[in-house]
Amino acid sequence: MGRSIAATAALAALAAVCGCTVQGADGKGNSPVHITLPSSKAPSPGADSDSDDKPSATPSTKSGAPVLWSPGDSGTDVRELQARLRQVDWLFDGPTGTYDDLTVKAVKGFQGKRGLPKTGETDTVTWQRLKKMTHEPGKWELYLMGGQPAGAPDPRCLTGRVLCIDKSTRTLRWMIDGRTVSEMSVRFGATGTPTRDGVFHVYWKSRHHWSTLYDSSMPYAMFFSGGQAVHYSYDFAARGYSGASHGCVNVRDEAAIADLYGQVRNGDKVVVYW
């Protein structure tokens, strides 16, 4: 009954001309500054379409069904629950993998519409009903906003100071002599403007960089190949993997990249691989 709402003067000049910014999923330019956060949309009651179910006039507040997940729980199962709730428009943030207040509210809304006890906990009855109405989430539905685990580092990352960037898992590891110091989720260029693979070196850092080519902000930019840089992205922070860059490596965790920027030096190695 409802609807789905779903980074030396000559070098500096080169980077300013070739700098990249974010773009839509179709590869077209799109400003990353004026955007609507996913959390700004509130789920509307009855947003899913299980038309055979009608809410009871006074739904019970207790259930005899075994509880699978409840507030405070975390893990891959909770991430799947959240991804499925997104499919039926009861949840707009995440998935995060943590059963938080937004998840409780979404579960209560889903339960109430089908006349189930509005506990906010996911019991077996609620879970089976949700599974019937949704499809099994794909990998990037589960990690739409990041948080995915990193894979094994490329052998070229195991010596020296390296920004080890894995396209297959969309992750960046900051490594020193084979030890992982930190890791974070990253996003790459679109099909028409791909992030280049290979071994590079950081040649210029620009804390408050502004791309004159795309008229957009690129904070904490660490340039490694022409105008391609590792930098913070407001758009990635807000929209996750629903967008792409013009070839740069976007980071959505500002605290993490601020710390990384403080540690990385000009000359440090950058390895980008599949």
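Conventions used here
Residues numbered from 1 in each chain as written. Predicted model: local features only at pLDDT ≥ 70, side-chain atom pairs only at ≥ 80, totals over all residues. Heavy atoms only, no water. Helix = DSSP H or I, 4+ residues; strand = E, 2+ residues; numbered from the N terminus. Buried < 20%, exposed > 50% of the residue type's maximum accessible area, 1.4 Å probe, protein only. Areas by Shrake-Rupley, 256 points an atom, 1.4 Å probe, with all protein chains shown as cover. Core = buried A, V, L, I, M, F, W, Y, C linked by side-chain atoms within 4.5 Å. Contact = heavy atoms within 4.5 Å. Pairing = 2+ DSSP bridges. Polar contact = N/O pair within 3.5 Å; in protein donor to acceptor, adjacent residues only side chain to side chain. Axes fitted to C-alpha atoms, helices over the stretch in contact; angles between N-to-C directions. Phe/Tyr/Trp six-rings, centres within 6.5 Å; stacked < 30°, edge-to-face > 60°. Lys NZ or Arg CZ within 6 Å of the ring centre and 35° of its normal. Parallel < 35°, antiparallel > 145°, perpendicular 65-115°, else oblique. Nonpolar A, V, L, I, M, F, W, Y, C, P; charged D, E, K, R; others polar. Salt bridge = Lys/Arg side-chain N within 4 Å of Asp/Glu carboxyl O.

Undergrad: For the overall build of the protein, give the residues involved together with the corresponding values.
TA: The secondary structure content of the protein amounts to seven helices and 13 strands. When the 274 residues of the protein are sorted by exposure, 49% land in the buried category. Split by element, the accessible area of the protein, about 12800 Å² in all, is 54% carbon and sulfur.

Undergrad: Which residues make up the nonpolar core, and what are the values?
TA: Ranked by size, the top nonpolar core spans 22 residues in total, and within it L163, I165, L172, M222, V230, L260 and V270 carry the most contacts. Among the elements of the structure, β4 (161-166), β5 (171-176), β6 (179-187), β9 (216-225), β10 (228-232), β12 (249-251), α7 (254-263) and β13 (269-273) are those that each provide at least two residues to this core. Those residues in contact with L163 that sit more than four places away from it in its chain are L172, R173, W174, V202, V230, L260, V264, K269, V270 and V271. Core analysis: the next-biggest nonpolar cluster, separate from the first, contains 14 residues, W69, V88, Y99 and V104 among them.

Undergrad: Outline the pairing of strand β7 (residues 198-201), supporting the account with residue identities and numerical values.
TA: Here β7 shows a clear split, with G198 and F200 buried on one side and none of V199 and H201 buried on the other. Examined bridge by bridge, β7 and β13 share four bridges and lie antiparallel to one another. Bridge pairing links V199 to V271 in β13.

Undergrad: Residue-level account of the side chain of T195, with values.
TA: Looking at the element boundaries, T195 is found in the loop between β6 and β7. The exposure class assigned to T195 is buried, which follows from its relative accessible area of 3%. Polar side-chain contacts of T195 include one of 3.0 Å to the backbone nitrogen of G189.

Undergrad: Run through the sheet that holds β9, naming residues and quoting values.
TA: Strand order in the open sheet formed by nine strands is β7-β13-β4-β5-β6-β12-β10-β9-β8, with mixed pairing between adjacent strands. One side of each edge strand has no neighbouring strand; the edge strands of this open sheet are β7 and β8 (204-211). Strand-to-strand twist across the sheet, computed as the mean angle between neighbouring axes with direction ignored, equals 30°. Bridge count for β8 against β9 is seven bridges, and the pairing is antiparallel. Across the sheet, H209 pairs through a bridge with M218, a residue of β9. The sheet strands contacting α7 are β4, β5, β6, β8, β9, β10 and β12, and the helix crosses β9 at an angle near 45°.

Undergrad: Go over the pairing of β13, please, and point to the residues and values.
TA: Most of β13 is tucked away: five of the five residues are buried. Of the two faces of β13, the one carrying K269, V271 and Y273 and the one carrying V270 and V272 are both buried. Summarising the sheet, β4 and β13 pair through five bridges and their orientation is parallel. For C164, the partnering residue across the bridge sits in β13 and is V271.

Undergrad: Go over the packing of aromatic side chains with me, naming the residues and quoting the values.
TA: In the structure shown here, the tally under the stated rule is eight aromatic pairs. For the ring pair F200 and F224, a centre distance of 5.4 Å and an interplane angle of 55° mean the geometry is tilted. Here F224 lies in strand β9 and F200 lies in strand β7, a separation of 24 residues in the sequence. For F200, a relative accessible area of 14% translates into the label buried. Each residue in the set W140, F236 and Y241 is aromatic and connected to the rest through ring pairs, giving one cluster. For R170, the ring lying beneath its charged end belongs to W140, and the centroid distance is 3.9 Å.

Undergrad: Describe the packing of helix α3 (residues 101-113) against helix α4 (residues 124-133), and please don't skip the residues or the numbers.
TA: Where α3 meets α4, the closest approach of the two axes is 11 Å, and the angle between their N-to-C directions is 85°. By the angle between their directions, the pair α3 and α4 is classed as roughly perpendicular. In contact with V107, F110 and Q111 of α3, α4 contributes T126, R129, L130 and M133. Classifying every residue of the contact of α3 with α4 gives four nonpolar, two polar and one charged.

Undergrad: Break down the pattern of salt bridges for me, citing the residues and quoting the values.
TA: In the structure shown here, the tally under the stated rule is seven salt bridges. Between R161 and D268 there is a salt bridge, and its shortest N-O distance comes to 3.0 Å. Placement of the pair is R161 in strand β4 and D268 in the loop between α7 and β13, with a sequence separation of 107 residues. As a salt-bridge pair, E183 and R173 come within 4.0 Å of each other at their nearest N and O atoms.

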